[in-house]
Amino acid sequence: MLTLDNMDRARVDRLGALTAHVVEHALASGLAWDEAILAFGIAARAMAMKASDQGAGTPEQCAAQAERRLKSGMTQSADVLRAWLG
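Residues numbered from 1 in each chain as written. Predicted model: local features only at pLDDT ≥ 70, side-chain atom pairs only at ≥ 80, totals over all residues. Heavy atoms only, no water.

### Observations regarding the pattern of salt bridges
At step 1: Summed over all chains, the structure comprises two salt bridges.
At step 2: Note that Asp-13 is salt-bridged to Arg-9, the shortest N-O span being 3.1 Å. Remark: Arg-9 and Asp-13 occur in helix H1 (residues 9-28); sequence separation between them is four residues, near one turn of the helix.
At step 3: Taking the relative accessible area as the measure of exposure, Asp-13 reaches 30% and is therefore partly exposed.
At step 4: On the basis of relative accessible area, Arg-9 is assigned to the partly exposed category, the value being 47%.
At step 5: The closest approach of N and O atoms between Glu-67 and Lys-71, which form a salt bridge, is 3.2 Å. With Glu-67 and Lys-71 both in helix H3 (residues 59-74), this residue pair falls four residues apart, about one helical turn. (Salt bridge = Lys/Arg side-chain N within 4 Å of Asp/Glu carboxyl O. Helix = DSSP H or I, 4+ residues; strand = E, 2+ residues; numbered from the N terminus. Buried < 20%, exposed > 50% of the residue type's maximum accessible area, 1.4 Å probe, protein only.)

What follows is the structure, encoded as structure tokens:
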């Protein structure tokens, strides 16, 4: 089950819904699963750069935070997606 620190249930639900949406689109993209993973990394970098542009920190700080979050996400169970992927 998704266990994101002390996050409230509504936020966990939003994360699960977004994750399910991303997975569905990745599977429908025609990319191999590992190519889709590469795209997630590129998207994380792009979001980090946008966050930096909006004052969240230096590009390096935001990229490091994105990498930490990606790694944290990899420690979560995918069981939470069952509710959205049916």
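Next comes the rest of the description.
### Structural notes on H1
At step 1: Taking 1.5 Å as the rise per residue, H1 with 20 residues should run 28 Å; its terminal C-alpha atoms sit 29 Å apart, in good agreement.
At step 2: N-cap assignment for H1: the residue whose side-chain oxygen lies 3.1 Å from the backbone N of Ala-10 is Asp-8.
At step 3: Where H1 ends, the next residue or the one after it, Gly-30, has phi of about 90°, a positive value. (Expected span 1.5 Å × (residues − 1). Polar contact = N/O pair within 3.5 Å; in protein donor to acceptor, adjacent residues only side chain to side chain.)

### Here's the deal with the confidence of the model for the chain
At step 1: Summarising the model, the chain shows a mean pLDDT of 86, and 85% of its residues fall at 70 or more.
At step 2: Mean pLDDT across the elements of the chain ranges from a minimum in helix H4 (residues 82-85), with 61, to a maximum in helix H2 (residues 33-53), with 96. (pLDDT = per-residue confidence, 0-100.)

### A closer look at the packing of H2 against H3
At step 1: Look at H2 against H3: their axes get within 8 Å of each other, and the N-to-C directions meet at 140°. Taken together, the axis directions place H2 and H3 in an arrangement best described as oblique. Here the hand of the crossing between H2 and H3 comes out right-handed. Touching Gly-41, Ala-44, Arg-45, Ala-48, Met-49, Ala-51 and Ser-52 of H2 are Pro-59, Cys-62, Ala-63, Ala-66 and Leu-70, all from H3.
At step 2: Among the residues forming the contact of H2 with H3, the class breakdown is nine nonpolar, two polar and one charged. (Axes fitted to C-alpha atoms, helices over the stretch in contact; angles between N-to-C directions. Parallel < 35°, antiparallel > 145°, perpendicular 65-115°, else oblique. Left-handed = near helix turned anticlockwise from the far one by under 90°. Contact = heavy atoms within 4.5 Å. Nonpolar A, V, L, I, M, F, W, Y, C, P; charged D, E, K, R; others polar.)

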